[in-house]
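One letter stands for each residue in the lines below.
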Amino acid sequence: MALIVEIHVPLEEGPVTPEGSRPFPWIDRVDDFLVNLEEAEEHDESDEYEGVHVFFVTGAPETVLLSVASRVAAMPGVPGGVFAVVTDEEAEEIGVGRRVEL
């Protein structure tokens, strides 16, 4: 049973979103960051869920996965209020597990 950490980022636009641009440009930056990880791996494609965008990481011990989540929370442009959920591949839905404030 694989350990998974979900990274929940509130869907908030930046203070200035130029007309015609994507409202959440940080999603692509976080996806790129996770694809290039060496110490862990992206578990699944990120997805919108109940007002947040959720990224999934796995393939490493919990401390490493939570460190990755903390680095995502600290990335420039990522809105505040990011939290992680420690779960596993047996969870039947997103957000089921132990919540960790970042």
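Keep in mind that this is a model prediction, so the values were computed, not measured.

Reading the values: rules and limits
- Residues numbered from 1 in each chain as written.
- Predicted model: local features only at pLDDT ≥ 70, side-chain atom pairs only at ≥ 80, totals over all residues.
- Heavy atoms only, no water.
- Helix = DSSP H or I, 4+ residues; strand = E, 2+ residues; numbered from the N terminus.
- Buried < 20%, exposed > 50% of the residue type's maximum accessible area, 1.4 Å probe, protein only.
- Phe/Tyr/Trp six-rings, centres within 6.5 Å; stacked < 30°, edge-to-face > 60°.
- Lys NZ or Arg CZ within 6 Å of the ring centre and 35° of its normal.
- Pairing = 2+ DSSP bridges.
- Axes fitted to C-alpha atoms, helices over the stretch in contact; angles between N-to-C directions.
- Contact = heavy atoms within 4.5 Å.
- Patch = residues over 30% accessible without salt bridge, like charges linked within 9 Å, V, L, I, M, F, W, Y side chains within 5 Å.
- Areas by Shrake-Rupley, 256 points an atom, 1.4 Å probe, with all protein chains shown as cover.
- Salt bridge = Lys/Arg side-chain N within 4 Å of Asp/Glu carboxyl O.
- Lys, Arg positive; Asp, Glu negative; His and termini not counted.
- Charge placed at Lys NZ, Arg CZ, Asp CG, Glu CD.
- Parallel < 35°, antiparallel > 145°, perpendicular 65-115°, else oblique.
- Left-handed = near helix turned anticlockwise from the far one by under 90°.
- Nonpolar A, V, L, I, M, F, W, Y, C, P; charged D, E, K, R; others polar.

Asker: Please clarify how the overall build of the protein should be interpreted in this entry.
Answerer: Counting its regular elements, the protein contains 2 helices and 5 strands. Going residue by residue from the N terminus, the α and β elements of the protein occur as β-α-β-β-α-β-β. Buried positions account for 39% of the 102 residues belonging to the protein.

Asker: I would appreciate a short explanation of the packing of aromatic side chains in the present structure.
Answerer: One pair of aromatic rings is described through two measures. These are the centre distance and the angle between the planes. For the structure on display, the rule yields 2 aromatic pairs. These aromatic residues form a ring-pair network of at least three members: Phe24, Trp26 and Phe55. The residue whose ring lies beneath Arg99 is Phe83, and the NZ or CZ to ring-centre distance is 3.6 Å.

Asker: What exactly am I supposed to notice about the sheet that holds strand S1 (residues 3-10) here?
Answerer: Each strand in a sheet pairs with another by means of backbone hydrogen bonds, the pair being arranged parallel or else antiparallel. Strand order in this open sheet of 5 strands is S2-S3-S1-S4-S5, and the pairing throughout is antiparallel. The open sheet has two edge strands, strand S2 (41-49) and strand S5 (98-101), and neither has a second partner. Neighbour to neighbour, the strand axes of the sheet diverge by 25 degrees on average, direction disregarded. Note that strand S4 (residues 83-88) and S5 share 4 bridges and pair antiparallel. Paired with Phe83 across the strands is Glu101, a residue of S5. Sheet strands touched by helix H1 (residues 26-35): S1, S2 and strand S3 (52-58). Its angle to S3, the strand with the most contacts, is close to 5 degrees.

Asker: What exactly am I supposed to notice about a negative patch on the surface here?
Answerer: Taken together, Asp44, Glu45, Asp47 and Glu48 make up a surface patch of like negative charges. Positionally, Asp44 belongs in strand S2.

Asker: Teacher, can you tell me more about the packing of H1 against helix H2 (residues 62-73) here?
Answerer: Helix packing geometry: the angle between the two helix axes and the distance between the axes. For the pair H1 and H2, the least separation of the axes is 11 Å and the interaxial angle reads 150 degrees. With respect to each other, H1 and H2 are oriented roughly antiparallel. The handedness of the crossing between H1 and H2 is right-handed. Of the residues in H2, those in contact with Val30, Phe33 and Leu34 of H1 are Val68, Arg71 and Val72. Grouping the amino acids of the contact of H1 with H2 by side-chain chemistry returns 5 nonpolar, no polar and 1 charged.

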